[in-house]
Amino acid sequence: MPKNLIGKRVDVLDKGWIELVDMMPHPDSDISGDLAIVNAARVSFLGESKGPDRDKKLLFYLLRNQHTSPFEMVEFKFRVRAPLVTWWQWVRHRTWNMNAQSGRYTPFQESDFYVPDVWRRQSKDNKQASEGVLDDLENNALTGKLLAHYDQGYRLYSEALDKGVSKEMARLFLPGFSVYYTWVAKIDAHNLMRFLRLRMARDAQYEIRVFAAAIHEHFFEPALPWTAEAFVKYVLKAE
């Protein structure tokens, strides 16, 4: 397991990012995440590693046959900065443990709003999905209106704070779905795979799909190479 994973931060969207804060087992330990999974499976027989080939074969057997509890012995803790439109999707996965920045305690900054690169069209076949994008002229016009909307909302928010209005009420002036929040979020490897399977899917909303893809590429695969290989083979390609 790479020693420099803890503290690694990856940029996502226009102002978002995801950072690995901690992991169990820790990368500085003598046990890799994959081996921790194998050892957890072998505890039934009071056994441990039997060499890389047999260990990897057992891990693949576990995932292929949906013996998932050993994968719960590995945990990831992230700090994530994402707009509320992303968190609205994320919190539906109740297996995550989360704690969020509070607008009641910390004021928002003028730049704390998500600005999309393009405006996606509504899908004709899926009521909750998008399909295709507007042309450049329409994109630029809508982005200009969005930025003006942000400017006005933030001016009203700042004015309310200056008048002594509480932070918890002043934030009513902010455009809610676009505001960036920072969260601490923790999950075990089993439930992380369920999250990745659903949120990397083509029909997942773009604003969460890019975070799921970043977790998969920059943290899940480097930390658990055997598990990631089995996940692609037996979960993603099986669908």
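Residues numbered from 1 in each chain as written. Predicted model: local features only at pLDDT ≥ 70, side-chain atom pairs only at ≥ 80, totals over all residues. Heavy atoms only, no water.

(A) Summary view of the side chain of Thr 86. Within the secondary structure layout, Thr 86 lies in helix α3 (residues 84–90). On the basis of relative accessible area, Thr 86 is assigned to the buried category, the value being 0%. Here the side chain of Thr 86 touches Glu 207 through a polar contact of 2.9 Å, landing on its backbone oxygen. Each residue touching Thr 86, except ones within four places of it in the same chain, is listed here: Leu 13, Glu 207, Ile 208 and Phe 211. (Helix = DSSP H or I, 4+ residues; strand = E, 2+ residues; numbered from the N terminus. Buried < 20%, exposed > 50% of the residue type's maximum accessible area, 1.4 Å probe, protein only. Polar contact = N/O pair within 3.5 Å; in protein donor to acceptor, adjacent residues only side chain to side chain. Contact = heavy atoms within 4.5 Å.)

(B) Quick look at the pattern of salt bridges. According to the stated counting rule, one finds nine salt bridges in the structure shown. In this structure, Arg 81 and Asp 112 form a salt bridge, with 2.6 Å as the shortest nitrogen-oxygen distance. Placement of the pair is Arg 81 in strand β3 (residues 75–83) and Asp 112 in the loop between β4 (97–100) and β5 (120–122), with a sequence separation of 31 residues. The partner of Glu 207 in a salt bridge is Arg 120, with the nearest N and O atoms 2.9 Å apart. Of this pair, Glu 207 sits in helix α7 (residues 206–223) while Arg 120 sits in strand β5, and the two are 87 residues apart along the sequence. Residue class for Glu 207 comes out buried when judged on its relative accessible area of 4%. Through salt bridges with shared partners, one network takes in Arg 9, Glu 19 and Arg 79. (Salt bridge = Lys/Arg side-chain N within 4 Å of Asp/Glu carboxyl O.)

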